[in-house]
Number of protein chains: 2
Amino acid sequence: MPEFAAKVCVLCGGVGAAKLLSGMVRAQRPKDVLAIVNTADDTQLHGLHISPDIDTVVYTLAGAVNPQTGWGLANETWNAMDALERYDGITWFRLGDRDLATHLYRTQRLTQGANLATVTAEIAASWGLELQVIPVTNDPIQTKITTPDEGEIDFQDYFVRRRHNVAATNVRVAGAQGATPCPGLLGALDNANIIVIAPSNPIVSIAPLLAVPKVRPALIRQRHKVVAVSPIVGGKALKGPADRLLRELGHECSVVGVAKLYAQVASTLVIDEVDAHLAPAVQDAGLACVVAPTIMDNIDKATALAQVVLNASHST
Amino acid sequence: MPEFAAKVCVLCGGVGAAKLLSGMVRAQRPKDVLAIVNTADDTQLHGLHISPDIDTVVYTLAGAVNPQTGWGLANETWNAMDALERYDGITWFRLGDRDLATHLYRTQRLTQGANLATVTAEIAASWGLELQVIPVTNDPIQTKITTPDEGEIDFQDYFVRRRHNVAATNVRVAGAQGATPCPGLLGALDNANIIVIAPSNPIVSIAPLLAVPKVRPALIRQRHKVVAVSPIVGGKALKGPADRLLRELGHECSVVGVAKLYAQVASTLVIDEVDAHLAPAVQDAGLACVVAPTIMDNIDKATALAQVVLNASHST
């Protein structure tokens, strides 16, 4: 069983988590940071195993991510996708030519019997990353979204194909109950100085991590050192459907709603300055509240936010 | 069961067969031509199902093949392969970015439950081909090469990775005995006016076709209308390891050796003018012999050769 001697564990979805991590590895030695990444939005397409959140984290930390989209590679070409249109193939999930190499490699290695954690470590190392990146589990887990008109659909069908422009009446993580946490993950949570819940979608990025057996109990056990960063700022998600999903699933779409969602697993919530007036309500939900600029539109702001998070854990 | 009302059935490997077919569809209505293609060099790589001979036939007939190599697409880019080098991935089997789309599409459709014949027809139609292209079987068959130093290796390992630069002591087609001919194939052979054995490698391209149950007996039954074109010219293969393989496996590396290999299944052998002096020996092997230019270095020569083949069947 691998041991991760990380001082900082970060529970991650995609873009928001990647940005915070890019600051975290400046605020903290990269080797001391462990990114635990959601895989419930992994998908099998064209026979390839695609791990969108892992790739977003790796590409971002490598400085190779497309800065316009926050996912995929910068300076990408799309010749394979363009050619796929000849066959009327599936092109709504855009795979750039260079990005394809990642999926080709991952799939080949999985076919050879390597597990996802091993392949992820290989990919991260190939990009020269020093922080450690692991999937929450090596087992297949899949977020499923129930819509009023079409019943249950796959996450990428919801997220990419329909651009999360449909209502959701339920979200579940298929396979989670039978999944095993990535080897070393639970020990890392127990031994870390701080566990960070990144400003990722609570419903479709963080909830799947917590749905893997023993992960949520580990956070509850270590709640005193868990610091969450709100992905909701001024009542809106900075990116993606977090705001809409929160409302549709009956949660308050605010930092208070986030606080209530995380109250059992986190002791501190970092909220944006625009939400400062809600700090008392966050505290009423049972969390310490830290107010800080949370919009990471450049690396300095991401680093500053990472430092706020690290300080928050020290102060509680 | 589909019925193929083809007047001309062509047993095909890759490049040589594709060239003859490109002439055949000018000498004969394309709709009357059925290409029955070897799939024993199909390979699973990066999770993708790759059918090199089918793709060579389709790309060539579509006028899209890379004229320098005879395989792959013209004006191709290699960004995925270049990016795969970062991971130290498998790059010896070169997959161009646009070519990748074909493998992505094929794999996706196979994953959805379509069989290889259906997917091949879809791909051929997408390129606007009028001739019909089918795999010899929808079942997996795989050419295996025994080498003195490494035992049995996969065909593409032999052919591409080692550039067929190792000795072969045995060749077998794994899976052939349990394979079923592509639906419609046997009827097409019985009903065609002519069956052509393309100038493909007798050992690794044509033998796998004949190894699928009921195919060889169908040819024996229809031997009177089977015309083979020798892939050996002046004692050498125009492309690939046919000459070397023939010698290593104990066959005569000449048109006479080819005649002896095909004596049971073909009634006529077309040989190149440089081998005219061997026509009597071909006849001694039991085949009618037609001497003609067989080197298809342009479309006119390919068309002329196709016409020679069609005439050969009429004259016998």
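Participant: Quick question: what am I supposed to make of the overall build of chain A here?
Facilitator: Helix and strand content of chain A: 13 helices and 14 strands. Relative to the compact-globule value of 20 Å for 316 residues, chain A shows a C-alpha radius of gyration of 18 Å, a close match. Each principal axis of the C-alpha distribution contributes one length, and for chain A these read about 55 × 45 × 40 Å. Every one of the 316 residues in chain A was classed for burial, and the buried ones make up 59%. Within chain A, counting contacts between residues at least 6 apart in sequence, those at least 24 apart form 67% of the total. A total of about 12200 Å² of accessible surface is found on chain A, and carbon and sulfur atoms cover 49% of it. Across chain A, the 26 positively charged side chains and the 30 negatively charged ones have centroids separated by 3 Å.

Participant: It is not clear to me how the interface of chain B and chain A should be interpreted in this structure. Could you clarify?
Facilitator: Quite often, the size of an interface is put as the accessible area lost when its parts meet. Across the boundary between the two partners, chain B contributes 28 residues, which contact 29 residues of chain A. Taking both partners together, chain B and chain A bury about 2500 Å²; carbon and sulfur atoms supply 64% of that area. At the junction of chain B with chain A, the criterion picks out zero salt bridges. Here chain B is connected to chain A by eight residue pairs in polar contact (both at pLDDT 80 or more). Where the side of chain B that touches chain A is concerned, the elements lending two or more residues are helix 3 (79-84), helix 4 (97-111) and helix 5 (116-126) of chain B. No other element matches the nine residues that helix 4 of chain B contributes to the side of chain B that touches chain A. A per-class count over the side of chain B that touches chain A returns 15 nonpolar, ten polar and three charged.

Participant: I would appreciate a short explanation of the state of the cysteines in the present structure.
Facilitator: Disulfides are covalent bonds that connect the sulfur atoms of two cysteines. Here the structure, examined in full by the defined rule, presents zero disulfides over all chains. Cys289(B) carries a free sulfur, and the closest cysteine sulfur to it, the one in Cys253(B), is 16 Å from it.

Participant: When you look at the relation of the copies chain B and chain A in this model, what are you seeing that I'm missing?
Facilitator: When chain B is fitted to chain A, the best match, at an RMSD of 0.0 Å, comes from turning it 180° and sliding it 0.0 Å along the axis. What we have between these two chains is a two-fold relation.

Participant: Sorry, what's going on with the confidence of the model for chain A here?
Facilitator: Any region with low pLDDT has predicted coordinates that should not be read closely. Averaged over every residue, the pLDDT of chain A is 96; the share at 70 or more is 99%. For this predicted complex, the interface confidence comes out at an ipTM of 0.92, alongside a pTM of 0.94.

Participant: Help me understand helix 1 (residues 15-27) of chain A in this model?
Facilitator: Given 3.6 residues to a turn, an α-helix orients residues that are three or four positions apart in the same direction. Its 13 residues place the ends of helix 1 of chain A 19 Å apart at the C-alpha level, agreeing with the 18 Å of an ideal helix rising 1.5 Å per residue. By the burial criterion, the buried members of helix 1 of chain A are Val15(A), Ala17(A), Ala18(A), Leu20(A), Leu21(A), Ser22(A), Gly23(A), Met24(A) and Val25(A).

Participant: Explain the side chain of Gln108(A) to me, please; I cannot follow it from the model alone.
Facilitator: As for its placement among the helices and strands, Gln108(A) is situated in helix 4 (residues 97-111). With relative accessibility at 12%, the residue Gln108(A) sits in the buried group. A distance of 2.6 Å separates the side chain of Gln108(A) from the backbone nitrogen of His46(B), its partner in a polar contact. Excluding residues within four positions of it along the chain, Gln108(A) makes contact with Leu45(B), His46(B), Gly47(B) and Ile90(B).

Participant: Got a minute to help me understand the pairing of strand 10 (residues 226-229) of chain A in this structure?
Facilitator: Side-chain positions along a regular strand alternate between the two faces of the sheet. Residue and element names in this part refer to chain A. Side-chain alternation along strand 10 places Val226 and Ala228 on one buried face and Val227 and Val229 on a second face that is also buried. Pairing between strand 9 (residues 194-197) and strand 10: three bridges, direction parallel. The partner of Ile197 across the bridge, within strand 10, is Ala228. Note: strand 10 against strand 13 (residues 268-272), three bridges, orientation parallel. Bridging from a neighbouring strand, Ala228 pairs with Leu269 of strand 13.

Participant: Mind showing me how you'd approach the sheet that holds strand 1 (residues 8-12) of chain A here?
Facilitator: Residues and elements named next belong to chain A. If you trace the seven strands from one edge of the open sheet to the other, you get 5-2-1-9-10-13-14, paired in parallel fashion. Whereas interior strands pair on both sides, the edge strands pair on one side only; in this sheet they are strand 5 (132-135) and strand 14 (288-292). The mean angle between the axes of side-by-side strands here comes to 20°, regardless of whether they run parallel or antiparallel. The strands touched by helix 8 (residues 202-211) within the sheet are strand 1, strand 2 (33-37) and strand 9, with strand 1 carrying the most contacts at an inclination of about 115°.

Participant: Honestly, the packing of helix 2 (residues 52-61) of chain B against helix 4 of chain B in this entry has me stumped. Any pointers?
Facilitator: For any two helices packed against each other, the geometry comes down to the angle between their axes and how far apart the axes lie. Residues and elements named next belong to chain B. Interhelical geometry of helix 2 versus helix 4 gives an angle of 125° and a closest axis separation of 12 Å. Put simply, helix 2 runs oblique to helix 4. For the crossing formed where helix 2 meets helix 4, the hand is right-handed. In this structure, helix 2 contributes Ile54, Asp55 and Tyr59 to the contact, and helix 4 contributes Asp99, Thr102, His103 and Arg106. Split by residue class, the contact of helix 2 with helix 4 holds two nonpolar, two polar and three charged.

Participant: Could you clarify how one ought to interpret the packing of helix 1 (residues 15-27) of chain B against helix 2 of chain B in this entry?
Facilitator: All names here are of chain B. Contact pair helix 1 / helix 2: the axes reach a minimum separation of 9 Å and the direction vectors enclose 35°. For the element pair helix 1 and helix 2, the recorded crossing hand is right-handed. Two secondary-structure elements touch here, helix 1 through Val15, Ala18, Lys19, Leu21, Ser22 and Val25 and helix 2 through Thr56, Val57, Thr60 and Leu61. In terms of residue class, the contact of helix 1 with helix 2 is built from six nonpolar, three polar and one charged.

Participant: Just to check I follow, could you spell out the packing of aromatic side chains for this structure?
Facilitator: Aromatic ring pairs: the centre-centre distance and the angle between the two ring planes describe each pair. Considering all chains together, one arrives at ten aromatic pairs over all chains under this definition. Plain terms: the ring middles of Phe155(A) and Phe159(A) are 5.0 Å apart, the flat faces sit at 20° to each other, and that makes the pair stacked. Here Phe159(A) and Phe155(A) lie together in helix 6 (residues 155-161), a separation of four residues that amounts to about one turn. Judged by relative accessible area, which is 5%, Phe155(A) ranks as buried. By relative accessible area, which is 32% here, Phe159(A) ends up partly exposed. If you follow Arg86(A) out to its NZ or CZ, it ends over the ring of Trp127(B), 3.5 Å from the centre.

Participant: Before we go on, may I ask you to explain the pairing of strand 2 of chain A in this structure?
Facilitator: All names here are of chain A. Of all five residues in strand 2, five are buried, a share of seventy percent or more. Neither face of strand 2 is open: one carries Val33, Ala35 and Val37, the other Leu34 and Ile36, and all of them are buried. Here five bridges tie strand 1 to strand 2, and the two strands are oriented parallel to one another. Bridged to Val8 within strand 2 is Val33. One crossover worth recording links strand 1 to the parallel strand 2 by way of helix 1, and it is right-handed.

Participant: What should I look at first to understand the pattern of salt bridges in this one?
Facilitator: Note on pairing: side chains with opposite charge can pair once their charged atoms come close. Scanning all chains against the criterion turns up 28 salt bridges over all chains. Note that Glu76(B) is salt-bridged to Arg98(B), the shortest N-O span being 3.9 Å. Taken together, the positions of Glu76(B) in the loop between helix 2 and helix 3 and Arg98(B) in helix 4 put the pair 22 residues apart, joining distant regions of the chain. The exposure class assigned to Arg98(B) is partly exposed, which follows from its relative accessible area of 28%. Arg244(B) is paired through a salt bridge with Glu248(B); the nearest N and O atoms lie 2.5 Å apart. With Arg244(B) and Glu248(B) both in helix 10 (residues 242-248) and four residues apart, the pair spans about one turn of that helix. Residue Arg244(B) is classed as partly exposed on the basis of its relative accessible area, which comes to 26%. Connected via shared salt-bridge partners are Glu150(A), Asp157(A), Arg161(A) and Arg162(A).

The rules behind each value
Counting restarts for each chain, with residues numbered from 1 along the sequence as it is written. Lettering for chains starts from A, numbering for ligands starts from 1, and both go in the order in which the items are written. Local features in this predicted model are restricted to residues of pLDDT 70 or higher, and side-chain atom pairs are both shown and tallied only at a pLDDT of 80 or more, whereas totals for entire chains, interfaces and linings draw on every residue. The side-chain quantities take in all heavy atoms of the structure and omit both hydrogens and water. The helix count covers DSSP runs of H or I at least four residues long, the strand count covers runs of E at least two residues long, and both are numbered beginning at the N terminus. Radius of gyration: C-alpha atoms only; globule rule: 2.2 Å multiplied by the number of residues to the exponent 0.38. For the exposure calls, accessible area comes from a 1.4 Å probe over protein chains only, and a residue counts as buried if that area is under 20% of its type's maximum, exposed if over 50%, partly exposed in between. Here a residue-residue contact requires only that any non-hydrogen atoms of the pair lie within 4.5 Å. Surface accessibility follows the Shrake-Rupley procedure with a 1.4 Å probe radius. Residue values consider only the protein chains on display as shielding. We count Lys and Arg on the positive side and Asp and Glu on the negative side, and we leave His and both chain ends out. Throughout, a charge is located at the NZ atom of Lys, the CZ atom of Arg, the CG atom of Asp or the CD atom of Glu. Buried area counts how much accessible surface, traced with a 1.4 Å probe, disappears from two parts once they are put together, with both parts' losses summed. By convention in these notes, a salt bridge is any Lys or Arg side-chain nitrogen within 4 Å of a carboxyl oxygen on Asp or Glu. In protein, a polar contact requires one atom able to donate a hydrogen and another able to accept it; more generally it is a pair of N or O atoms within 3.5 Å, and residues adjacent in sequence count only if both atoms are side-chain atoms. In this classification, Asp, Glu, Lys and Arg are treated as charged, Ala, Val, Leu, Ile, Met, Phe, Trp, Tyr, Cys and Pro as nonpolar, and every other residue, Gly included, as polar. The disulfide criterion is simple: two cysteine sulfur atoms within 2.5 Å. Overlaid copies result from least-squares superposition on C-alpha atoms, with residues included only where pLDDT is at least 70 in both. On a scale of 0 to 100, pLDDT captures the predictor's confidence in every residue. Take the residue count of a helix, subtract one, and multiply by 1.5 Å to get its expected span. For two strands to count as paired, DSSP must find a minimum of two bridges between them. The convention used is that axes are lines fitted to C-alpha atoms, helices contributing only their stretch in contact, and that angles between N-to-C directions extend from 0 to 180 degrees. When describing relative orientation, an angle under 35 degrees is termed roughly parallel and one over 145 degrees roughly antiparallel, while 65 to 115 degrees is termed roughly perpendicular and anything else oblique. Two helices crossing with the near one rotated counterclockwise from the far one by less than a right angle form a left-handed crossing, whereas a clockwise rotation gives a right-handed crossing. Ring pairs are drawn from Phe, Tyr and Trp, using the six-membered ring of Trp, whenever the two centres fall within 6.5 Å, and their geometry is named by plane angle: stacked under 30 degrees, edge-to-face over 60, tilted for the rest. Criterion for a charge above a ring: Lys NZ or Arg CZ within 6 Å of the ring centre, and within 35 degrees of the ring normal. By definition, the crossover connecting two strands over a helix is right-handed if that path, from the first strand to the second, turns clockwise as seen with the strands pointing away from the viewer.

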